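Structural characterization, general
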Amino acid sequence: MASPFDFSSGAVITAAQLNAIGKRADVSWSPSANWSGSFNYSQFSRVNDIVIIQAMYSLDATPSGTFEISDIPVTGNSSLSGISATGVAVDVSADDVYAVCPRAKSGSSGTKIDFTTSAHNDFATVIQGKPFTFASGDSFRFVMVYQAN
């Protein structure tokens, strides 16, 4: 792929070229989740076709089933290539954290985010009992980067 810029010695980048790079904009995001609780923080940034999601979700009751977040802020490309994500699930009663990996999940009702974990050498989708028994006060904190459509 050819560069849109002249990188030879003494070359000058024009204002139009700089504007074409794009700028970062932090935007509030109002996702929803299927476990009872609330988002303490949810924001995303977009630079051209790169989307960065940051969020923290706290539970206010004992959940059941698989944890999913709906309403991804910017639709990803069809293969959602380039997903990079990291996160933690915080168990307040045990004063412990577990690594979780957010991932985009396509379904009949649109794109959602669910989480996987490899706690105790058991790679699995995060559910009420994995990686620990979730309860009120526990939380998820994550950052996710993907390519927009």
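Every chain's residues receive numbers from 1 upward, in the order its sequence appears when written. For a predicted model such as this one, the threshold for reporting local features is a pLDDT of at least 70, and the threshold for listing and counting side-chain atom pairs is 80 or more; totals across whole chains, interfaces and linings nevertheless cover every residue. Only heavy atoms go into the side-chain values, all of them from the structure, while hydrogens and water stay out.

1. Section: the environment of lysine 130
- The helix count covers DSSP runs of H or I at least four residues long, the strand count covers runs of E at least two residues long, and both are numbered beginning at the N terminus. Its place among the elements puts lysine 130 in the loop between β9 (124-125) and β10 (139-147).
- According to the relative accessible area criterion, lysine 130 is partly exposed, its value standing at 29%.
- Considering only alpha carbons, one finds lysine 130 and serine 118, 12 residues apart in sequence, at a separation of 9.2 Å. Throughout, exposure labels follow a simple rule: accessible area from a 1.4 Å probe, protein chains only, divided by the maximum for the residue type, with under 20% read as buried, over 50% as exposed, and the rest as partly exposed.

2. Re the side chain of threonine 117
- Within the fold, threonine 117 resides in strand β8 (residues 110-117).
- In protein, a polar contact means a hydrogen-donor-capable atom and an acceptor-capable atom, both N or O and within 3.5 Å, with residues adjacent in sequence counting only if both atoms are side-chain atoms; elsewhere, any N or O pair within 3.5 Å suffices. For threonine 117, the side chain forms a polar contact with the main-chain oxygen of alanine 99, separated by 3.2 Å.

3. Remarks on the nonpolar core
- What is meant by a nonpolar core is a set of buried Ala, Val, Leu, Ile, Met, Phe, Trp, Tyr and Cys residues, joined one to another through side-chain atoms within 4.5 Å. Counting 26 residues, the largest nonpolar core has Ile53, Ile113, Phe115, Phe134, Phe140 and Phe142 as the members making the most contacts within it.
- The set of elements that each furnish at least two residues to this core consists of β4 (50-59), β7 (96-107), β8 and β10.
- For this core, the element with the most residues is β4, which contributes five residues.

4. A word on the pattern of salt bridges
- Each salt bridge in this description consists of a side-chain nitrogen of Lys or Arg and a carboxyl oxygen of Asp or Glu lying within 4 Å of one another. Applying the stated criterion across every chain yields a total of two salt bridges.
- Where glutamate 68 meets lysine 112, a salt bridge forms, and the shortest distance between an N and an O atom there is 3.4 Å. Here glutamate 68, found in strand β5 (residues 68-70), pairs with lysine 112, found in strand β8; they are 44 residues apart in sequence, far enough to count as distant.
- Overall, the relative accessible area of 12% leaves glutamate 68 in the buried class.

5. Here's the deal with the pairing of strand β3 (residues 37-47)
- As defined by bridge partners, β3 adjoins β4 across 10 bridges and the pair is classed as antiparallel. Bridging from a neighbouring strand, phenylalanine 44 pairs with isoleucine 53 of β4.
- At least two DSSP bridges between two strands are required for those strands to pair. Counted along the chain from β3 to the antiparallel partner β4, the turn is two residues long, and its residue asparagine 48 has a positive phi close to 50°.

6. Regarding the environment of arginine 103
- Following the sequence through the fold, arginine 103 ends up in strand β7.
- Judged by its relative accessible area of 33%, arginine 103 falls in the partly exposed class.
- Sequence spacing of arginine 103 and phenylalanine 115 is 12 residues, and the spatial spacing of their C-alpha atoms is 6.0 Å.
- Contacts between residues were defined by any pair of non-hydrogen atoms, one from each residue, lying within 4.5 Å. Excluding residues that lie within four positions of it along the chain, arginine 103 makes contacts with Lys112, Ile113, Asp114, Thr116, Thr125 and Met144.
- One polar contact links arginine 103 to aspartate 114, side chain to side chain, over a distance of 2.7 Å.
- Side-chain polar atoms of arginine 103 contact the side chain of threonine 125, separated by 3.2 Å.

Treat this as a map of the structure, not an account of what it does.
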